[in-house]
Amino acid sequence: MAERIGYITRVQSFSACHRLHSPDLSDEENKKVYGKCNNPNGHGHNYKGLYFIYLWSVFIVVLHQLSDVIMTPLDHKNLDKDVPYFSTVVSTTENLAVYIWDHMVREVPEGLLYEIKIHETDKNIVVYRGE
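Since we're looking at a predicted model, the values are computed, not measured.

Assigned secondary structure in the protein chain consists of four helices and five strands. Counting helices and strands in the order they occur from the N terminus, the protein chain gives β-α-β-α-β-α-α-β-β. Relative to its full complement of 131 residues, the protein chain shows a buried share of 40%. Residue pairs at least 24 apart in sequence account for 68% of intrachain contacts in the protein chain once pairs closer than 6 positions are excluded. Put simply, the protein chain shows about 8,100 Å² of open surface, and 51% of that area lies on carbon and sulfur atoms.

Helix length check: helix H4 (residues 93–104) (twelve residues) gives 16 Å between terminal C-alpha atoms against 16 Å at 1.5 Å per residue, within 8%. Buried within H4 we find Thr 93, Leu 96, Ala 97, Val 98, Tyr 99, Ile 100, Trp 101 and Met 104.

So, on to unusual backbone geometry. Despite not being glycine, His 76 has its phi angle at roughly 55°, a positive value. For His 76, the position within the fold is in the loop between helix H2 (63–71) and strand E3 (77–78). On the accessibility criterion, His 76 (64% relative accessible area) is exposed.

In this structure, Phe 14, Leu 74, Leu 79, Leu 96, Ile 100, Met 104 and Ile 116 are the most contacted members of the largest nonpolar core, which totals 26 residues. Listed by contribution, the elements that provide at least two residues to this core are strand E1 (6–18), strand E2 (43–55), H2, H4, strand E4 (113–119) and strand E5 (125–128). For this core, the element with the most residues is H4, which contributes seven residues. In this structure Leu 96 touches Phe 14, Tyr 47, Leu 74, Leu 79, Phe 86 and Ile 118, once residues within four positions along its chain are discounted.

Criteria and thresholds
- Residues numbered from 1 in each chain as written.
- Predicted model: local features only at pLDDT ≥ 70, side-chain atom pairs only at ≥ 80, totals over all residues.
- Heavy atoms only, no water.
- Helix = DSSP H or I, 4+ residues; strand = E, 2+ residues; numbered from the N terminus.
- Buried < 20%, exposed > 50% of the residue type's maximum accessible area, 1.4 Å probe, protein only.
- Contact = heavy atoms within 4.5 Å.
- Areas by Shrake-Rupley, 256 points an atom, 1.4 Å probe, with all protein chains shown as cover.
- Expected span 1.5 Å × (residues − 1).
- Core = buried A, V, L, I, M, F, W, Y, C linked by side-chain atoms within 4.5 Å.

In short, the description is geometric, and any link to function would need to be established separately.
Right, here's the structure in full:
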């Protein structure tokens, strides 16, 4: 019988604010590209992140510890001001998924992290698989 592979999914919620603004664009271009999300005072989200990890028969991961490692730098933060990564990267949800992937992949044995999925709103969902 072939080895069966399952997936563990961890759901973690966090709240953060940000402003979509690229230093490579003028203020006018930023307003055109990012619209109301370019508000100079920023805006907030209650994000819901889902982290999918391959489960092999002998692999056990302490998911709450992984969540703490990833969420502590993000929860109740201003992404643009409190997370150094976003000082040079626009804090879109797509880039947030990459940030989480890059940090989580260091904590999980190689090849076991499958997918990061972030619900920014009920209508906006981003999926990243390390590609």
